[in-house]
Amino acid sequence: MKCLKILNYLVQTYEPALKDFEELQDQSSPMGYYIMLQLQKKSHFLNILLLIIDDARQKLDEYEQFNERELLEESALLCLLIIKEGLIKQKEFLNSHNIANTSNIIFGLNKIILDVNPRSQRPDHLLNITKFVMYCSWLPNHSFAAVNILNMVSKMPNISSQILDVFISNGYIYDEIRQGFVDCLDMDINANNFYGKSIEFLKPHKIYLKIKTSILEFLRNCISQPYPNIGYYLLGFEYTTDAIEKRKLNIIDSFNHCLKAIIALLDEHLEVRVFFK
C-alpha cells in the first residue's frame with residue numbers, strides 16, 4: 001500500500017521534459033520519468049497494476065464483506081489513479097521521447113490497455129477498469145478515475161467501436177455496465193453517502209458532479225465517431241451487425257439507458273429554474 005502511495009505521488013508530481021531522456025552520466029532523471037517509462041510499455045510494473053485492478057474487480061463483484069476489503073479498495077484506487085495520470089501525461093512524454101530519439105521502445109499506455117490480458121486471454125483490461133463505474137454509489141472516486149481512463153482511451157481514432165466489441169463479447173456484463181453509467185447520471189448529488197475509509201479527494205457533491213460531467217464528455221466524444229460504437233450503445237441505441245438496420249439507429253425501450261438519464265437531468269434543471277424564478 002505504501003509503495004503504491006509513493007508511486008502515485010511520484011507520477012502525479014512528474015512533468016515530462018526532454019532532458020529526462022538524455023543519458024548523461026553526471027545527471028539522473030527524476031523517479032517519475034522511470035515510472036512513466038514503465039507505464040508506456042509492456043512492463044511487469046504495468047502488469048501488476050492491471051492485475052490488482054482485476055483482482056479487486058473480481059472480489060467487489062461478489063458484493064460480500066471480506067478481510068482487508070478496505071485495503072484492496074484503496075489499492076485499486078491508487079492503481080487507477082496511476083494509470084489515469086499515465087494517460088494524461090502520455091502525449092507530452094511520447095513527444096519528448098520521439099524528439100530525443102532514444103533506444104527505449106515504448107508503445108503507449110492507451111494502446112496497451114486494449115491489448116490481450118494474459119490472465120483471461122481476452123482484451124478485457126479496459127472492461128475491468130470500466131466495471132468500477134458500477135460502484136459509483138459507494139466508491140465514487142474509483143468510478144471517476146475509471147470514467148476518465150475510458151474517456152482518454154476512447155479518443156483514439158475509430159476506437160469506440162472496438163471498445164463496444166470487447167464489451168459485447170463479455171455477454172450480460174455490458175448491460176450491467178450500461179446500468180452503471182445510468183446510475184452515475186441519476187445519482188443524487190445531495191445524497192449523504194458513507195465512503196468508508198477510502199481515499200476522499202473530493203467532497204460527495206463535487207465528485208458526483210465531476211463523474212456526470214466526465215460521462216457526458218465521453219458520450220459527446222463517442223457520437224462523433226462512426227456508428228456503431230460504445231457511446232451510441234450507452235445512449236440506448238440498439239446494436240446490430242445488419243447493414244440495413246445500422247442505418248435506423250433504433251432506440252431500445254426495454255432498458256434504462258443514458259439518453260433517458262440525460263433527459264431526466266435536463267428536466268430536473270428546468271424544474272429548479274422554474275422554482276427559483
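In what follows, the structure referred to is the one given above.
One structure accompanies this document, and this report is about it. (Residues numbered from 1 in each chain as written. Predicted model: local features only at pLDDT ≥ 70, side-chain atom pairs only at ≥ 80, totals over all residues. Heavy atoms only, no water.)

**Looking at the overall build of the chain**
The criterion, for reference: A helix here means a DSSP run of H or I that spans at least four residues, while a strand means a run of E at least two residues long, and both kinds are numbered starting from the N terminus. Residue exposure (1.4 Å probe, protein chains only): buried if accessible area is under 20% of the type maximum, exposed if over 50%, otherwise partly exposed. For this analysis, residues touch if any pair of their heavy atoms sits within 4.5 Å. With residues, only the protein chains shown are counted as cover, and all accessible areas are computed by Shrake-Rupley using a 1.4 Å probe.
Regarding its fold elements, the chain presents 14 helices and 0 strands. Counted from the first residue to the last, the chain has its helices and strands arranged as α-α-α-α-α-α-α-α-α-α-α-α-α-α. The buried share among the 277 residues of the chain stands at 48%. At a minimum sequence separation of 6, the contacts of the chain that also span at least 24 residues come to 68%. Accessible surface computed for the chain: about 14700 Å², of which carbon and sulfur atoms make up 55%.

**Digging into the pattern of salt bridges**
To be explicit about the condition: Should a side-chain nitrogen of Lys or Arg be within 4 Å of a carboxyl oxygen of Asp or Glu, the pair is scored as a salt bridge.
Evaluation of the coordinates by the stated rule reveals 13 salt bridges. In this structure, Asp54 and Arg119 form a salt bridge, with 3.3 Å as the shortest nitrogen-oxygen distance. Placement of the pair is Asp54 in helix H3 (residues 44-60) and Arg119 in the loop between helix H6 (109-112) and helix H7 (125-130), with a sequence separation of 65 residues. Overall, Asp54 belongs to the buried group, its relative accessible area being 4%. Note on Arg119: relative accessible area 40%, which makes it partly exposed. Salt bridges sharing partners connect three or more residues here, namely Asp54, Asp55, Arg57, Asp61, Arg119 and Lys131.

**Observations regarding helix H1 (residues 2-13)**
Just so we agree on the cut-off: Working rule for helices: expected span equals 1.5 Å times residues minus one. In this description, one arc is meant: the one made by directions from the helix axis to the C-beta atoms.
Taking 1.5 Å of rise per residue, the 12 residues of H1 would be expected to cover 16 Å, and the 17 Å separating its terminal C-alpha atoms lies within 8% of that figure. Inspection of H1 places Leu4, Asn8 and Val11 among the buried residues, and these make up the whole buried set. Angular distribution of buried residues about the axis of H1 spans 75°; they occupy a single face of the element. Opposite the buried face of H1, at more than 90 degrees from it, the exposed residues are Lys2, Cys3, Ile6 and Tyr9. Where the residues of H1 are buried, they touch helix H2 (31-39), H3 and helix H4 (69-88).

**Looking at unusual backbone geometry**
The step from Tyr227 to Pro228 runs through a cis peptide bond, and the omega angle for that step is 0°. Residue placement: Pro228 occurs in the loop between helix H11 (204-222) and helix H12 (230-235). Even without a glycine there, the phi angle at Asn101 is positive, about 55°. Counting through the fold element by element, Asn101 comes out in the loop between helix H5 (90-100) and H6. Phi at Gln121 is positive, roughly 60°, even though this residue is not glycine. Tracing the backbone through its elements, the reader meets Gln121 in the loop between H6 and H7. When its relative accessible area of 59% is taken as the criterion, Gln121 is described as exposed.

**Here's the deal with the packing of aromatic side chains**
The cut-off we apply is this: Geometry of aromatic contacts follows a simple scheme: Phe, Tyr and Trp rings, the Trp one being its six-membered ring, pair when their centres are within 6.5 Å, and the pair is stacked under 30 degrees between planes, edge-to-face over 60, tilted otherwise. Only when the NZ of Lys or the CZ of Arg is both within 6 Å of the ring centre and within 35 degrees of the ring normal is a charge said to sit over the ring.
Summed over all chains, the structure comprises 9 aromatic pairs. Ring centres of Tyr232 and Phe237 lie 5.5 Å apart, and the angle between their planes is 70°; this geometry places the pair in the edge-to-face category. Look at Phe237 and you get buried, because its relative accessible area is 16%. Taken together, Phe21, Tyr33, Tyr34 and Phe93 form an aromatic cluster joined through their ring pairs. The positively charged end of Lys42 is found above the aromatic ring belonging to Phe107, 5.5 Å away from the centroid.

**Observations regarding the packing of H3 against H4**
The relative placement of two packed helices is expressed as an angle between their axes plus a distance between the axes. To be explicit about the condition: Angles here are taken between N-to-C directions and fall from 0 to 180 degrees, while the axes themselves are lines fitted to C-alpha atoms, restricted in helices to the stretch in contact. An angle counts as roughly parallel when it lies under 35 degrees, as roughly antiparallel when it exceeds 145, as roughly perpendicular when it falls between 65 and 115, and as oblique in every other case. It is the rotation of the near helix from the far one that decides the hand of a crossing: anticlockwise by less than a right angle makes it left-handed, clockwise makes it right-handed. Ten residue types, Ala, Val, Leu, Ile, Met, Phe, Trp, Tyr, Cys and Pro, are classed as nonpolar, four, Asp, Glu, Lys and Arg, as charged, and the remainder, Gly among them, as polar.
Relative to each other, H3 and H4 sit at 135°, their axes nearing to 9 Å. Between H3 and H4, the angle is such that the two are oblique. Here H3 and H4 pass one another in a crossing that is left-handed. Together, Phe45, Leu49, Leu50, Ile52, Ile53, Ala56, Lys59 and Leu60 of H3 and Arg69, Leu72, Glu73, Ser75, Ala76, Cys79, Leu80, Ile82 and Ile83 of H4 make up the contact between the two elements. Looking at the contact of H3 with H4 residue by residue, the classes come out as 13 nonpolar, 1 polar and 3 charged.

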